[in-house]
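Descriptive structure summary
Residues per chain are reported as follows:
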Amino acid sequence: LSHIPGPFYTKFTSLLLKYHELRATRTKYIHSLHLRYGPVVRVAPNEVSFASREAVKEIYCSGGSGYDKSAWYDLFKVYGRRTMFTTLNKDDHAKRKRILADRYANSNVMREPSLNGIVERAERVVQRCVESLGGSLDLYICLHSYAYDCVTHHLFHPYGADSLRNKQDEEIMREVTFDDSLQNRQLSYYSPTLHKAISKFLYIWGVKPRETPLADKFVLDTAAKTDAAPFTLLNRLQTVLSTQSTDNNKSNEDDNESSKLAKIDQLDIAAELLDHMVAGIDTTGDALCFLMWELSQPRSFRCQTKLRQELLSFPGEDLSFDKLPYLDAVVMEGLRCFPAIPMSLPRIIPRDGRTINGYYLPEGTTVSCQAHSVHRIDREAWGPDPDAFRPERWLEKEGKKDKENGGAVEARKKVFFAFANGGRGCVGKHLALAEMKILLREVYSRFTTLPDQTMTEKDMEMADQLISSRPAGLKCLLRFEPIGGQEEVVV
Ligand code: HEM
């Protein structure tokens, strides 16, 4: 890869990259290389990072699902099983996705029983805000509880969690959210032998493996239920399992639709559900946390006020959000500036190699895009102020040049990478967006939010985890002021 732009040492070694991975600063390091070398940069002898429209399209969307995932995803196996997320090749992935994608379709998420569960949980957050009046509220905890309760509602209803009110459920959320296994898991990936040899010492040094016994047990127990609500993923997976057993009793000639799907057993069901539960907690929790922190800064008061004005002009019942374009713009801009998964999503160059952005890459090269850079480097899409939080960029009228590119906002949406892109993009996107919009509507139509004075910018710096990113201080204290005085807050 020596013909590709990048620091000279990356021709010979990946040590600096690994150092940044261990320090939880990989995303920022790669971004600094993009700022210096442009949209294509060699980051290790066998790895290239891209930050361009063309690369996103080729790596993640060509042939529908883009290139196969790299073996790095083995780190995320659950109960020793591969899930949809950890499946490396696209055919197996497509089989699993066919089973469950309809549970995440917008039409299923926007159904009343699904949506009402989210609204109920958002009201519990408002209750917490009310209780905090006169002091501050740790939104980091509160929003992770909200995300946990919402996602388990969608996966398991009526067996979803209630961590916003129940301490035992909160313990499960904390176990997942405060996981500190980054370094341990990286070492097990890069050097399994060394990892095995020194694993006991690692524990003594505080470099712990991922351990979530409470969450594991909760999901194993709940996944065995056979009477979950029709809109849930558990219901869908149990139905497939029972159809599969019936089909096994029929002759081969009778083989039907289920043969096109991956075969699953009870442990696969639990693994898939645990994966989705974990995928739905930190992502939505952190995305909302960074966004509400930004809205609470003096520099963004203008946006907070504009959002409130819109919410108060269309109060209440309409849950489709059609009449709330500024809310949509705030959420999009939040996910652009603070994507919960800001880092590289590694894929492998297929047989015979490929050319991306004019550079030939041989088979087996690791390639990736990271949302943090894709959302900033392309000045044509983002303009001269990519680091500014400016929701209006999602509402701007088209200029002449934009028209040629298919419209300013439409063009921007094509580069938007917070949920990745193509057939392996985020299946929970509609659920996440509904959770975010409902929560912001419930909070900002009642309160002004301000940062607590004990908080520092450092507390809210982006700290990489294995796949997502969280505030470095593991807290986000905000103060809530009722817009019409204390007695006006109606939950
Ligand atoms: C703001 C919130 C969220 C963001 C930013 C987000 C982002 C992403 C991204 C970038 C990916 C691709 C990862 C990769 O290629 O390695 C992904 C995949 C995935 N997400 Fe999300 N996600 C969010 C919320 C959710 C929620 C609520 C769920 C609910 C269950 C979910 C479930 C999944 C699953 C199962 C996959 C794997 C999809 C596949 O491999 O086909 N996500 N997400």
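Our subject is the structure that appears above.
All values derive from a computational prediction rather than experimental measurement. (Residues numbered from 1 in each chain as written. Predicted model: local features only at pLDDT ≥ 70, side-chain atom pairs only at ≥ 80, totals over all residues. Heavy atoms only, no water.)

Remarks on the coordination of the iron atom of the ligand
Donor atoms from the protein around the iron atom of the ligand number only one, Cys426 (SG), found at 2.3 Å. You can see Cys426 is positioned in the loop between helix 19 (408-415) and helix 20 (429-444). (Donors = N, O, S within 2.8 Å, 3.2 Å for Na, K, Ca; no water. Helix = DSSP H or I, 4+ residues; strand = E, 2+ residues; numbered from the N terminus.)

A short note on the site of the ligand
Near the ligand, the surroundings consist of 28 residues, among which Tyr73, His93, Tyr104, Arg347 and Cys426 are the closest. Between Tyr73 and the ligand, the recorded distance is 2.5 Å, taken from a side-chain N or O atom to an oxygen atom. For the shell around the ligand, the element with the highest residue contribution is helix 13 (residues 266-295), accounting for six residues. (Near = heavy atom within 4 Å. Polar contact = N/O pair within 3.5 Å; in protein donor to acceptor, adjacent residues only side chain to side chain.)

Some words on the pairing of strand 8 (residues 447-451)
Taking burial as the measure, the five residues of strand 8 include four buried ones, the bulk of the element. In this structure, strand 8 lies alongside strand 11 (residues 477-482), joined through five bridges in antiparallel fashion. Residue pairing in the sheet places Phe447 in a bridge with Pro482 of strand 11. (Buried < 20%, exposed > 50% of the residue type's maximum accessible area, 1.4 Å probe, protein only. Pairing = 2+ DSSP bridges.)

Some details on the side chain of Thr365
When you line up the elements, Thr365 lands in the loop between strand 6 (359-361) and strand 7 (366-369). Relative accessible area serves as the criterion here: at 1%, Thr365 is assigned to the buried category. Among the polar contacts listed, one links the side chain of Thr365 to the backbone oxygen of Pro362, at a separation of 2.6 Å.

Quick look at the packing of helix 6 (residues 112-131) against helix 7 (residues 139-156)
Axis separation between helix 6 and helix 7 bottoms out at 9 Å; the angle between their running directions is 160°. Put simply, helix 6 runs roughly antiparallel to helix 7. Read as a crossing pair, helix 6 and helix 7 show a hand that is right-handed. Note on element contacts: helix 7 touches helix 6 through Cys142, Tyr146, Asp149, Cys150, His153 and His154, opposite Pro113, Ser114, Gly117, Ile118, Arg121, Ala122, Val125 and Arg128. Looking at side-chain class alone, the contact of helix 6 with helix 7 contains seven nonpolar, four polar and three charged residues. (Axes fitted to C-alpha atoms, helices over the stretch in contact; angles between N-to-C directions. Parallel < 35°, antiparallel > 145°, perpendicular 65-115°, else oblique. Left-handed = near helix turned anticlockwise from the far one by under 90°. Contact = heavy atoms within 4.5 Å. Nonpolar A, V, L, I, M, F, W, Y, C, P; charged D, E, K, R; others polar.)

Brief notes about the packing of helix 1 (residues 15-22) against helix 2 (residues 26-37)
Running from N to C, helix 1 and helix 2 cross one another at 140°; their axes reach a closest spacing of 7 Å. One finds that helix 1 runs oblique with respect to helix 2. Facing Leu16, Leu17, His20 and Glu21 of helix 1, the residues of helix 2 in contact are Arg26, Tyr29 and Ile30. Considered class by class, the residues forming the contact of helix 1 with helix 2 number four nonpolar, one polar and two charged.

Considerations on the sheet that holds strand 11
On the basis of which strands lie adjacent, the open sheet formed by three strands has the order 3-11-8 and antiparallel pairing. On the outer flanks of this sheet lie strand 3 (137-138) and strand 8, each paired with one strand and no other.

Describing the sheet that holds strand 2 (residues 47-50)
Ordered in space as 1-2-7-4, the four strands form an open sheet in which the pairing is mixed. Both outer strands of the open sheet, strand 1 (40-44) and strand 4 (347-348), are each paired with one neighbouring strand and no more. Sheet topology places strand 4 next to strand 7; two bridges connect them, and they run antiparallel. Residue pairing in the sheet places Ile348 in a bridge with Thr366 of strand 7. Sheet strands in contact with helix 2 are strand 1, strand 2 and strand 7, and its direction is about 135° off that of strand 1.

Quick notes on helix 19
If you check which residues of helix 19 are buried, you get Ala408, Val409, Ala411, Arg412 and Val415. Along the axis of helix 19, the buried residues cluster in a sector spanning 160°; they form a single face. (Arc of directions from axis to C-beta.)

Looking at the pairing of strand 11
Strand direction decides the pairing type here: strand 3 and strand 11, joined by two bridges, are antiparallel. Across the sheet, the residue bridging to Leu137 is Leu478, located in strand 11.

Side note on helix 15 (residues 325-337)
If you check helix 15, its first and last C-alpha atoms are 18 Å apart, about what 13 residues at 1.5 Å a residue would give, namely 18 Å. Burial within helix 15 is extensive, with eleven of its 13 residues counted as buried. All buried positions along helix 15 are accounted for by Tyr326, Leu327, Ala329, Val330, Val331, Met332, Glu333, Gly334, Leu335, Arg336 and Cys337. Contacts from the buried residues of helix 15 go to helix 13, helix 14 (301-313), helix 16 (371-377), helix 17 (379-382), helix 19 and helix 20. (Expected span 1.5 Å × (residues − 1).)

With respect to unusual backbone geometry
Glycine aside, residues mostly have negative phi, and peptide bonds are mostly found in the trans state. The residue after His157, namely Pro158, is reached through a cis peptide bond having omega 10°. Not every positive phi belongs to a glycine, and Leu474 is a case in point at roughly 50°. As for its position among the elements, Leu474 is in the loop between strand 10 (469-471) and strand 11. For Leu474, a relative accessible area of 25% corresponds to the partly exposed category.

With respect to the packing of aromatic side chains
Per the counting criterion, the structure on display carries 15 aromatic pairs. Considering the side-chain rings of Tyr140 and Phe178, the 5.8 Å spacing of their centres and the 70° angle between planes classify their relative orientation as edge-to-face. Linking Tyr140 in helix 7 with Phe178 in the loop between helix 8 (167-177) and helix 9 (182-190), this pair joins segments that are 38 residues apart in sequence. On the basis of relative accessible area, Tyr140 is assigned to the buried category, the value being 0%. A relative accessible area of 27% means that Phe178 is categorised as partly exposed. Centre to centre, the rings of Tyr148 and Phe218 are 6.4 Å apart; their planes meet at 70°, and the pair counts as edge-to-face. Remark: Phe218 occurs in helix 11 (residues 213-223) and Tyr148 occurs in helix 7; sequence separation between them is 70 residues. (Phe/Tyr/Trp six-rings, centres within 6.5 Å; stacked < 30°, edge-to-face > 60°.)

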